[in-house]
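Coordinate analysis (summary)
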Amino acid sequence: MRHKLWLVMMLLLFLPAAPAQQLREQIRKYTLDNGLRVLMVPDKTAPVIHFNLMFDVGGVDEAPGLGGIAHMVEHMAFKGTPSIGSLDWPREKAALEAVDRARAELDQAIARGASQEEIQRLTAAFNQAREEAKKLALPNPIDQLFTNNGEQGLNASTGYDRTDYRVSVPSNRLELYLRVYADVMMNAVFRSFYEEVDVVLEERRQRNENDPNGALSEVFLRAAFQVHPYGRPLIGSREEIQGYRVDKALAFWRTHYHPNRAVLVLVGDVEPERDIQLVRRYMGAVPRGPERPSLNIPSEPPQTAERRVTLEYNAQPSLRIGFHKPTYPSREAYVMDVIDAILTEGRTSRLFRRLVIQEQAALNVSSSSASPGFRYPNLFVISAQPRAPRTTQDLERLIYEELERLKNEPVTPQELTRVRNQTRAAYLRVLQGGPGLAQTLAFYELFFGGYQRIFEEEAIYNTITAEEIQQVARKYFTEQNRTVATLVTKGGSR
Amino acid sequence: MKAIWSLLGAALLPLALAQGVPSDWPDPFKMQFPRLQPAVIQPTRVQLSNGLTVLLVEDRSLPFVSGRIYLQAGSIYEPDDKVGLSGLFASVMRTGGAGERDPGAVDEILETLAASVSVSSDTLFTSVAFNTLSENLDQVLEIWADVLIRPRFAQERLELEKGRALEAIRRRNDQPTQIAVREFLRRIQEGHPAGRVSSAASVGSITREDLLAFHQRFFKPNRAVLAISGDFNTQEMVARLERVLRDWRPGEVSLPSFAPPSPKPAIYFVQKETNQSVIYMGNPTVTAFAPGYSELDLASRVLGDGFNSRLFLEVRTKRGLAYATGGAQTQGFGWPGFFYGASISRVDKTVEVIELMLGQFRDLRERPVSPEELELFRNNILNAEVFRFTSKQAVAERIARTQMLGLPADYYERYIQQIQAATPADLQRVMQQFVRPEEFVIVVVGDQRQFDKPLSSLGRVVEVPLE
């Protein structure tokens, strides 16, 4: 058995670098005059293009009290522009202004404690104004255009550090894509804003309130980050969402979503030298905006004592443990990635083997080495669900034992080899293309000083040693650096 | 195809092109593009000497090989008192050791090679897949064949996976959506094995002998199809497969047949303290690609597919009553699929939302859809056809399933022809023929103390207790 394994390792050391090299040579990068970076990756498998438009804007960029506004404007960017969705722009514009006035009058009345009757009257006027505005527009015009043209995966997501817009279309729709998104970047109209506020409230209920994992995440992050915005719920609090107003949302949009803060990636049936002309024609028309404002995002002070929180909830118990740690490009962040794989990647990983297989104490265990974002110092997080009658206390004890072992003994050469092989294979799989490759390239280009970084990371992982792992484990897996959140069954066990 | 865009064009014409964009930019609603034809991927079909059908597609672009074999061994064939068997079978088949290797050795070598062998099951099939760097193909193929033909089902791993399955059962009432989906699938497929739900007792009673018997009964090469793609030479691969599968002997498999589901229309209500209600409603219709299916598929897209479907527009966009809402005609193979809608919406508007949803189904029966709506979803299907060919492995797997299901080879071309020919009257006809809101199974999970009206105002309510 051992012999065979060593043979295998020898073979892997000589894996061809050709596929990565090929891909690397095929990627074309252009920078438009307005600062937009465009990456194109030709892949002729099928006549389709996967688009990813990523901005370096997310939850951390929100002002206090406007929590979740980045996510809200992500929704609003699907509502169209004057030339996409309006049935009569001058009239619709006036109608939208009337909605804003009605909302302001209502807000003022509530603020000064106006009579119930007056508030009812103003609410009715506000609702009436919304109905008038809705008559003058198509409800979801961007979706309509892409649906009609055979889209797949039209979607967007907002993180703490970034926002990205994704869609895949037949390759001859390149110009349609550019026409739509260049217009959205210049002229987004936040129509049906207050209806969308209600939608986001439902999204919050669904993801953060009625889902035990979402609910536990919220209390966990709030405890782990007392100052840094990673401690705020990405979707915002209920009060914050109810307080959204069009002017504040538009101001956020106009402050941040500019071509010089974005990367556009096209993967698929493209011919870079030809297609960049069309990209320039449309995306090049979008004016450059201000650079990222200095936001004075407060850094999280070093943690000085263990923090423990419990959430009583109508669900079975679960456990989340986080340790503060540095982020990329710190070498320690890469070491943490290796530790992540050693602890929970696969059935032979340390925590899975110990908690799930040997002790039969957990249904499952998982970890993440860069949570909940990556731009600022973040957390190494371990999550586990106990198997009754075992408890979260049992799991904590077992996890700490394994973390101590990581500090006290070097990991084995076999473990390191396994992680290196998995890293290499995972990296080659990303190169298979599709929407995943588009997103990965956008991410590296925007945050890691250029997409080329993808091709350099493997070398970093390959030089990480057993000693470094021990050092990093000792430095960060300490009691005082720890936040523990436990979901306790309402009226029951933990 | 032109109706909607000329109509919208007329509305937009006086003001288009001057709203914050250069005047020479086209109106996106008037941009016309030809429908692209996919570059069809045709796998090579080979029959091995033991009767196994293999579909192969070479793809030398990256150093990987993937494969998946399908066997007619789904959950509908589990005995009534052993519901949960196929799921447990799949996990212990992969994790219980294989051939000469004990469970730990299989995991160790696969994870060191950064390869995977996985077993999964659904109502109809169990499938055994692998993915590996091509350098390690021989070793991984050998392990895959061991898992497929010579699983050991180690007793201690069966106990482990049973324990985990019981814990999952203990946790299955944690999320309201999970409760609603389970209850809806159970009620709408009542009377058919697909409508059964596992219990602590059914899982607890499963033995190693049950797993061996399941394997013995269904795993025959002449009743399986293997789809394989990646970095290999086809002839060499066939020789490899002959070698690693040489001990696998063909045999008879007799599959029982089942009466179709016979759901009992009612409002099935599950009390759960939450501030949203999860609502599912629908009835069984036709099997996939049977007469009426294509038109029901289109009608269901008008009802619930995406931002411009009626449920989305009425429940979400116009009223802000839900974040998640939609519907579909499901693909039923062997027994009818169902036509359904769902919403996760405000608890204090539960009955209002149910009525709003029912109204959308009724409207599709009472009036023809607009030509614009029909064109939108027809174009979506036609233009998205190119995405059926973005992955060689996915194409090979689709053809494998097509064969296992006994669908005609040209089923998709026929479907496309029907999509092209469908009229608003056709959609109304199938809605009237197959979708009957007064006979719906409706599942509601929510907190009835906060409902706007009692559910009984809508019809007969059956309270379903949570175990």
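Residues numbered from 1 in each chain as written. Chains lettered and ligands numbered in written order. Predicted model: local features only at pLDDT ≥ 70, side-chain atom pairs only at ≥ 80, totals over all residues.

Turning to the sheet that holds strand 10 (residues 378–386) of chain A, a few remarks are in order. Residues and elements named next belong to chain A. Read from one edge of the open sheet, five strands run 7-11-8-10-9, paired in mixed fashion. Edge strands, defined here as strands with exactly one partner in the open sheet, are strand 7 (307–313) and strand 9 (362–371). Each neighbouring strand pair of the sheet contributes to a mean axis angle of 15 degrees, computed without reference to strand direction. Where strand 9 and strand 10 come together, seven bridges link them in antiparallel fashion. Its bridge partner lying in strand 10, Ala-362 is registered against Pro-386. (Pairing = 2+ DSSP bridges. Helix = DSSP H or I, 4+ residues; strand = E, 2+ residues; numbered from the N terminus. Axes fitted to C-alpha atoms, helices over the stretch in contact; angles between N-to-C directions.)

Here we take up the domain arrangement of chain B. All names here are of chain B. Taken as a whole, chain B is organised into domain 1 (44–244) and domain 2 (266–463). Each of domain 1 and domain 2 was reduced to a C-alpha centroid, and the two centroids are 30 Å apart. Between domain 1 and domain 2, the contact holds 24 residues from the first and 26 residues from the second. Per-element tally for the side of domain 1 that touches domain 2: the top contributor is helix 6 (residues 176–188), with eight residues. Its residues placed into classes, the side of domain 1 that touches domain 2 shows 14 nonpolar, six polar and four charged. (Domains from an automatic or database assignment. Contact = placed C-beta atoms within 7 Å. Nonpolar A, V, L, I, M, F, W, Y, C, P; charged D, E, K, R; others polar.)

Residue and element names in this part refer to chain A. Most of strand 6 (residues 262–268) is tucked away: seven of the seven residues are buried. Bridge count for strand 2 (residues 37–42) against strand 6 is six bridges, and the pairing is parallel. The partner of Pro-42 across the bridge, within strand 6, is Gly-268. Pairing analysis gives seven bridges linking strand 3 (residues 48–55) to strand 6, with the strands arranged antiparallel. Within the sheet, the bridge partner assigned to Met-54 lies in strand 6 and is Val-263. (Buried ≥ 20, exposed ≤ 12 C-beta atoms within 10 Å, placed from the backbone.)

Here we come to the nonpolar core. Ranked by internal contacts, the top residues of the largest apolar core, which has 199 residues, are Ala249(A) and Trp144(B). Formed by 51 residues, the second largest nonpolar core is a distinct cluster that contains Leu221(A), Leu319(A), Ala333(A) and Val419(A). (Core = buried A, V, L, I, M, F, W, Y, C linked by C-beta atoms within 7 Å.)

Next up on the list: the pairing of strand 4 (residues 116–121) of chain B. Consecutive residues of a regular strand have side chains that alternate between opposite faces of the sheet. Residues and elements named next belong to chain B. Sheet topology places strand 4 next to strand 5 (residues 126–133); six bridges connect them, and they run antiparallel. Note that in strand 5 the partner of Val-117 across the bridge is Phe-130. Hairpin geometry of strand 4 and strand 5 is characterised by an intervening segment of four residues between the two adjacent antiparallel strands.

Once that is clear, we can look at the environment of Lys248(A). Residue and element names in this part refer to chain A. By the element assignment, Lys-248 lies in helix 11 (residues 246–256). Residues Lys-248 and Glu-332, spaced 84 residues apart in sequence, show a C-alpha to C-alpha distance of 39 Å. Once residues within four sequence positions are removed from consideration, Lys-248 is found in contact with Leu-66 and Ile-69.

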